[in-house]
Amino acid sequence: MGWGGFRGVLLLSDGLTSTMKEDPGEGLGAESTRFDKDFSPPRLQGRNTVGCAADHTTNHRVDSAFLRETGHGRRVNPEQYDIAVIGGGPAGTAAAIRAARAGLRVIVFEKGKHGRDKVCGDGLTPRAIGALNELEIPLDDAHHIRGLRMIAGKRVRELDWPTTDRFPNHGAVWPRRRLDTALMDAAAAAGAEMVYETTALPIMDGDRVLGVEAGDGPTARKIHADLTIVAAGAVGKVAKMLGADRVEGETFGLAIRTYAETPRHDDVHLEALLSLKGEDGKAVPGYGWMFPAGDGTVNIGCGALSTMKGFKKLNLNKMLENYRNQVMPDWDLGPNLERARAWRLPMSTQKRHGPGWVAIGDAAGLVNPMNGEGIDYGLESGMLAVDLFIENPGTAPARYDVMVGEQFDAFLRTGRRFSFLIGHPWILKPGLALSVSTESIAKITLAVMGNLVDNQTPGAAGKVMWLADKGLGLVDPILRKTRAAA
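Bear in mind that the values here come from a model prediction, so they are computed numbers and not experimental data.

Calculation notes
Residues numbered from 1 in each chain as written. Predicted model: local features only at pLDDT ≥ 70, side-chain atom pairs only at ≥ 80, totals over all residues. Heavy atoms only, no water. Helix = DSSP H or I, 4+ residues; strand = E, 2+ residues; numbered from the N terminus. Buried < 20%, exposed > 50% of the residue type's maximum accessible area, 1.4 Å probe, protein only. Areas by Shrake-Rupley, 256 points an atom, 1.4 Å probe, with all protein chains shown as cover. Salt bridge = Lys/Arg side-chain N within 4 Å of Asp/Glu carboxyl O. Axes fitted to C-alpha atoms, helices over the stretch in contact; angles between N-to-C directions. Parallel < 35°, antiparallel > 145°, perpendicular 65-115°, else oblique. Left-handed = near helix turned anticlockwise from the far one by under 90°. Contact = heavy atoms within 4.5 Å. Nonpolar A, V, L, I, M, F, W, Y, C, P; charged D, E, K, R; others polar. Expected span 1.5 Å × (residues − 1). Core = buried A, V, L, I, M, F, W, Y, C linked by side-chain atoms within 4.5 Å. Pairing = 2+ DSSP bridges. Right-handed = clockwise from strand over helix to strand, strands pointing away. pLDDT = per-residue confidence, 0-100. Phe/Tyr/Trp six-rings, centres within 6.5 Å; stacked < 30°, edge-to-face > 60°. Lys NZ or Arg CZ within 6 Å of the ring centre and 35° of its normal.

*Asks:* Hey, could you go over the overall build of the protein chain for me, with residue numbers and the actual values?
*Replies:* A tally of regular secondary structure across the protein chain gives 10 helices and 19 strands. The burial tally for the protein chain puts 62% of its 486 residues in the buried class. As displayed, the protein chain offers around 18000 Å² of accessible surface, 51% of which is attributable to carbon and sulfur atoms.

Take a look at the structure:
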């Protein structure tokens, strides 16, 4: 869970993202703020993998370049792979784990070092825990989270994650340095080739991706792959080469976080302040968070949506400082343990597949506009892409796009439309009060913030989302024309 907002859940929620111009550093305020461009995101729950049962020890075979059997065997080109992955975050490593355990030859290129940090809120939803369980990743190093405490003005609602037949009833906080390392190590243990401190770019033949070119000089490599999986976030050269960059004019988010010591580090609830305010004291469509890490520290951060009025003038450093001062007495915070770091959250993409490639996680725009969360979506989409490749390499990219669209597009589209609505302060304020006004409404907010809503969601949350999608769809053109001035 990175950041997000839940304003006016009956209108639905908001999200935590702020956007300025294409310069990702604009609006951050202090020059000392470091800005990281990529992030991470979904796998389809409610279905076991295509061709893969929950037991990942089963060795599945597929008619691919590497595993094609002739009856007599053949020499394998060392630079020919079944799958090449660009990006070693949760989405990319989930794909690599799935592929390697199925017996595929897979290589992952990660531009950072092994054990590198990744700026993030560090929160894991029940949906993310379900995906990690499916990947058989031990969670001993993560701090168990029972639910969410939502604060809007003077009203506080503390709810546990719901018990369902699809997801676990708990989440976690797992700092990204440790989470990502655990996933990288699991991929390597499964047999994936992990290449660190190396940038990779797709090899293009018209609109078809044939593989990747990685590194330079004497260490340069040309990798041919039946499928290239892009898991490098939505900002950067790879996205531009594939025509998969952000949709101009769509919502995106900015967030900022640091760590501080606190005696409440072992709290079992995440905390989200919905009534977040900017430097000018006006309400911001986003939220502030306190995510206890269980190791003596808490991840403290906040963020805002690009649709807010005055977004270009938003100073994230000042907003974080104001939020910190607000929560300091209750959390008995010590000094910040590191310089605050900011990042951009993508919430749209021009496309997420093409001949020979698919985009997963953040690179596919799979980030919930109402909370900024994408790790769970990244894990799910990474596994799904590989499952479909195992079933039929030739049709995998197109089928992947259809299946992801069926499960998530309506929900994510509704969130983006809603962000234009709550960008207006006169709508945001009553929406905040409504989001936690009753326990029934608060439970819908909880489901939205836990990424527990999709096309399979039953009950009130599913119905509200369906109605919101239809209703906001009718007024979407008006919402965009009347969006608040940035």
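There is more to say, and it comes next.
*Asks:* Summarise the pattern of salt bridges; cite the residues concerned and give the values.
*Replies:* Pairing is possible between side chains of opposite charge, provided their charged atoms come close. Evaluated as defined, the whole model comprises 27 salt bridges. Notably, a salt bridge pairs arginine 178 with aspartate 141, separated by 2.7 Å at the nearest N-O pair. Taken as a pair, arginine 178 in helix α3 (residues 176–190) and aspartate 141 in the loop between α2 (126–134) and β5 (143–145) lie far apart in primary sequence, 37 residues in all. Since its relative accessible area comes to 28%, arginine 178 is described here as partly exposed. The closest approach of N and O atoms between glutamate 439 and lysine 443, which form a salt bridge, is 3.8 Å. In this pair, glutamate 439 and lysine 443 both sit in helix α9 (residues 439–449), 4 residues apart, roughly one turn of the helix. Exposure remark for glutamate 439: the relative accessible area of 41% places this residue in the partly exposed category. Linked through salt bridges whose partners overlap, the residues forming this network are Asp117, Arg177, Arg257, Glu338 and Arg341.

*Asks:* Describe the packing of helix α7 (residues 396–422) against helix α10 (residues 459–481), with residues and values.
*Replies:* One way to put it is that α7 packs onto α10 with a least axis distance of 9 Å and a crossing angle of 45°. If you check the angle between α7 and α10, you find them oblique. Crossing hand, α7 versus α10: left-handed. Residues Ala410, Phe411, Arg413, Thr414, Arg417, Phe418, Phe420 and Leu421 of α7 lie in contact with α10, whose contacting residues are Met465, Ala468, Asp469, Leu472, Gly473, Asp476, Leu479 and Arg480. Looking at side-chain class alone, the contact of α7 with α10 contains 9 nonpolar, 2 polar and 5 charged residues.

*Asks:* So what about α3? Which residues, and what values?
*Replies:* Taking 1.5 Å per residue, 15 residues should reach 21 Å; α3 reaches 21 Å between its end C-alpha atoms and fits that length. For α3, every residue scored as buried is listed here: Arg176, Leu179, Asp180, Thr181, Leu183, Met184, Ala186 and Ala187. Where α3 is buried, its residues touch α1 (90–101), β3 (106–110), β4 (123–124), α2, β9 (193–196) and α6 (375–391). Looking one or two residues beyond α3, the residue adopting positive phi is glycine 191, at roughly 115°.

*Asks:* I'd like to hear about the packing of α2 against α6, residue by residue, with values.
*Replies:* A pair of packed helices can be characterised by two numbers: the angle between their axes and the separation between those axes. It is the contact of α2 with α6, at a shortest axis distance of 8 Å, that shows an interaxial angle of 35°. Crossing geometry of α2 relative to α6 is assigned as left-handed. Along the contact surface, α2 presents Arg127, Ala128, Ala131, Leu132 and Glu134, while α6 presents Asp376, Tyr377, Leu379, Glu380 and Met383. By residue class, the composition of the contact of α2 with α6 is 6 nonpolar, no polar and 4 charged.

*Asks:* I'd like a description of the nonpolar core, backed by residues and values.
*Replies:* Residues Ile83, Leu124, Ile229, Ile360 and Tyr400 are the most contacted members of the largest nonpolar core, which totals 85 residues. Ranked by residue count, the leading element in this core is α6, at 10 residues. Those residues in contact with isoleucine 83 that sit more than four places away from it in its chain are Ala99, Leu104, Arg105, Val106, Ile107, Ala225, Leu227, Ile229, Val386 and Phe389. Residues Trp161, Leu305, Val367 and Phe418 belong to the second largest nonpolar core, which totals 34 residues.

*Asks:* Describe the pairing of β3, and please don't skip the residues or the numbers.
*Replies:* Across the 5 residues that make up β3, a large majority, 5, are buried. Both strand β2 (residues 80–86) and β3 contribute to a ladder of 4 bridges, which runs parallel. What sits directly across from alanine 84, in β3, is isoleucine 107. Following the chain from β2 across α1 to the adjacent parallel β3, one finds a crossover that is right-handed. In terms of strand pairing, β3 meets β9 through 4 bridges, oriented parallel. Bridged to valine 108 within β9 is methionine 194.

*Asks:* Talk me through the confidence of the model for the protein chain; I want residue IDs and the actual numbers.
*Replies:* The predicted coordinates of low-pLDDT regions are not to be read in fine detail. On average, residues of the protein chain score 83 in pLDDT, and 83% of them are at 70 or above. Note on residues 3–78: pLDDT is under 50 here. Beyond four places in sequence and across chains, it has 335 contacts.

*Asks:* Describe the sheet that holds β4, with residues and values.
*Replies:* One open sheet holds the 3 strands; their spatial order is β4-β8-β5, and the pairing between them is antiparallel. Because the sheet does not close on itself, it has two edges, and the strands there are β4 and β5.

*Asks:* Give me the packing of aromatic side chains: which residues, what numbers.
*Replies:* Under the defined criterion, the tally for this structure stands at 5 aromatic pairs. Ring geometry for tyrosine 377 and phenylalanine 408: centres 4.9 Å apart, planes at 55°, overall tilted. Residue tyrosine 377 is located in helix α6, and its partner phenylalanine 408 is located in helix α7; the two are separated by 31 residues in the primary sequence. This pair shows no difference in class: tyrosine 377 is buried, exactly as phenylalanine 408 is. Its guanidinium or amino end placed over the ring of tyrosine 81, arginine 105 lies 4.1 Å from that ring's centre, counting from NZ or CZ. Arginine 264 extends its terminal NZ or CZ atom over the ring of tryptophan 331, reaching a point 3.8 Å from the ring centre.

*Asks:* An account of the environment of alanine 461 is requested, with residue identities and associated values reported.
*Replies:* Here alanine 461 lies in helix α10. Alanine 461 sits 20 residues away from isoleucine 441 along the chain, and the two C-alpha atoms are 9.0 Å apart. Other than its neighbours up to four places away in sequence, alanine 461 contacts Ile444, Ala447 and Val453.

*Asks:* Let's hear about α2: which residues, and what values?
*Replies:* The element α2 is extensively covered by neighbouring structure, given that 8 of its 9 residues are classed as buried. Of all the residues in α2, the buried ones are Pro126, Arg127, Ala128, Ile129, Gly130, Ala131, Leu132 and Glu134. Residue glutamate 136 follows α2 closely and has a positive phi angle near 60°.

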